[in-house]
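Listed below, chain by chain, are the residues.
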Amino acid sequence: MSGPDISVVICVYTEDRWEDILAAVSSVRTQSYPALETLLVVDHNPALLDRLTKEYKDFSESGEVRVFANAGPRGLSAGRNTGIAASRGEVIAFLDDDAVAERDWLRYFASGYADPHVMAVGGRTVPIWASGRRPAWFPQEFDWVVGCTYKGLPAGLVRVRNVLGGNASFRRTAFDAAGGFATGIGRDGDKRPLGCEETELCIRLSRARPDAVLLIDDRAVIHHRVPEAREHFGYFRTRAYAEGLSKALVARSVGADKGLESERRYATRVLPSGVVRGLRDAALSRPGGAGRAGAIVAGVLTAAGGYVVGTVRARRGGATFSVVDIPGDQGDRDG
């Protein structure tokens, strides 16, 4: 099929994920819809930068795989912005460094851009649990905790407020209209697992381009590794709290109206249904039912607490973020 040239950006930060990084790149190189290029952006880790540069030296000469250092402050947002600025494609896709894409991932992304109003297309992210299966207590409604598609998102090809950053693509003109990812919201190496930078960007994009269409196509599938440490309630609670902190920053940037629009529906419809299912399973002596119901309640309360703390910090000026324009132009990229 014909369609836009797609650059794939993979942001990396630790040699602990070496095999995962190689697998992620390999999954891009074997796509049924070939990527124009794969860009590896290394987040302030000279040893990893040197190792990846040597690993992909032959591919770098052909332009198939290129390795860069994060040109901005430490963190995922600045890494993505570095990748966008260096990329040459009409569309830029993002893949987590601990995920592998199914063979038709980019083909489904490309098909979404047949409509010129489409500015972003996301996909479905499936967890690969380190223990081999989902913990009995872990509710599917909270799979966003481990960076995966959660129960409550609509199925099929649907219009959404925002795509999820680890499995997403944007038309280049989206960044021309709205700027890049905001630094100060998303993850910063191994620090507190913040997020929501893609949510803030998507809302900002919709404001800059009211005619913009953002889609999720659940046929565009990636498989995301969930390490053993993230299968425990301690991480669940930490990530939920961090989400609340992040939502406070998003609300500060774009207003609580838009910043929490989808979350209100999720909290008032999806989560109560999950609690009821968990309690029903507990009554029927099914494994994990009570744990799932309890985890949903705990997750909501913890995220709400993080939101309150984040709001207070933002009002006192203790939390800051910034939006940057993406440097360079298409002529520079093609030259």
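Keep in mind the model is a prediction, meaning the values are calculated, not measured.

Novice: Got a minute to help me understand the overall build of the protein chain in this structure?
Specialist: Looking only at helices and strands, one finds 12 helices and nine strands in the protein chain. Looking at the protein chain as a whole, 52% of its 335 residues qualify as buried. Residue pairs in contact within the protein chain that sit at least 24 positions apart in sequence constitute 81% of those at least 6 positions apart. Accessible area of the protein chain: about 14700 Å², with a carbon and sulfur share of 52%.

Novice: What is the right way to look at the environment of G122 in this model?
Specialist: On the secondary structure map, G122 appears in strand β6 (residues 118-129). Residue G122 is classed as buried on the basis of its relative accessible area, which comes to 0%. Taking the C-alpha atoms as reference points, G122 and N162, 40 residues apart in sequence, are found 8.5 Å from one another.

Novice: Honestly, the nonpolar core in this entry has me stumped. Any pointers?
Specialist: Within soluble globular proteins, side chains that are nonpolar generally end up buried alongside one another. Counting residues in each nonpolar core, the largest one holds 34 residues, and the members touching the most others are I6, V8, I10, L40, L52, L95 and W105. When residues no more than four places from it in sequence are discounted, the contact partners of L95 are V8, V9, I10, C11, A24, S27, V28, A101, W105, G166 and I222. If you look at the next biggest cluster of nonpolar residues, it comprises 27 residues, including L39, I84, F175 and F181.

Novice: Explain the packing of aromatic side chains here, please?
Specialist: Between two aromatic rings, the relevant description is the distance of the centres plus the angle of the planes. On inspection of all chains with the given rule, the structure shows 17 aromatic pairs. Aromatic side chains W105 and F109 sit 5.1 Å apart centroid to centroid with 55° between the ring planes, which places their arrangement in the tilted category. Note that W105 and F109 are positioned in helix α5 (residues 105-112) at a spacing of four residues, about one turn of the helix. Each of the two residues, W105 as well as F109, counts as buried. Seen from their ring centres, F170 and F181 are 6.1 Å apart, and the 90° between their planes marks the pair as edge-to-face. Remark: F181 occurs in the loop between α6 (172-178) and α7 (197-208) and F170 occurs in strand β8 (residues 167-171); sequence separation between them is 11 residues. Overall, F170 belongs to the buried group, its relative accessible area being 1%. Look at F181 and you get buried, because its relative accessible area is 1%.

Novice: Looking at this structure, how should I read the side chain of S87?
Specialist: Mapped onto the fold, S87 is located in the loop between α4 (76-86) and β4 (91-95). For S87, a relative accessible area of 0% puts it in the buried group. In terms of polar contacts, S87 uses its side chain to reach the side chain of R172, at 2.8 Å.

Novice: Looking at this model, I keep getting lost on the pattern of salt bridges. Mind explaining?
Specialist: Should the charged atoms of two oppositely charged side chains come close, the side chains can pair. For the structure shown, the criterion picks out 21 salt bridges. Its salt-bridge partner being R219, residue D217 comes within 2.8 Å of it at the nearest N-O pair. The exposure class assigned to D217 is buried, which follows from its relative accessible area of 2%. Via salt bridges that share partners, R17, D97 and D98 belong to a single interconnected network.

Novice: Honestly, the confidence of the model for the protein chain in this entry has me stumped. Any pointers?
Specialist: Chain-level statistics for the protein chain give a pLDDT mean of 90 and a share of 90% at 70 or above. Throughout residues 329-335 the model reports pLDDT below 50, and contacts reaching past four residues in sequence, or to other chains, amount to 10 contacts.

Thresholds applied
- Residues numbered from 1 in each chain as written.
- Predicted model: local features only at pLDDT ≥ 70, side-chain atom pairs only at ≥ 80, totals over all residues.
- Heavy atoms only, no water.
- Helix = DSSP H or I, 4+ residues; strand = E, 2+ residues; numbered from the N terminus.
- Buried < 20%, exposed > 50% of the residue type's maximum accessible area, 1.4 Å probe, protein only.
- Contact = heavy atoms within 4.5 Å.
- Areas by Shrake-Rupley, 256 points an atom, 1.4 Å probe, with all protein chains shown as cover.
- Core = buried A, V, L, I, M, F, W, Y, C linked by side-chain atoms within 4.5 Å.
- Phe/Tyr/Trp six-rings, centres within 6.5 Å; stacked < 30°, edge-to-face > 60°.
- Polar contact = N/O pair within 3.5 Å; in protein donor to acceptor, adjacent residues only side chain to side chain.
- Salt bridge = Lys/Arg side-chain N within 4 Å of Asp/Glu carboxyl O.
- pLDDT = per-residue confidence, 0-100.

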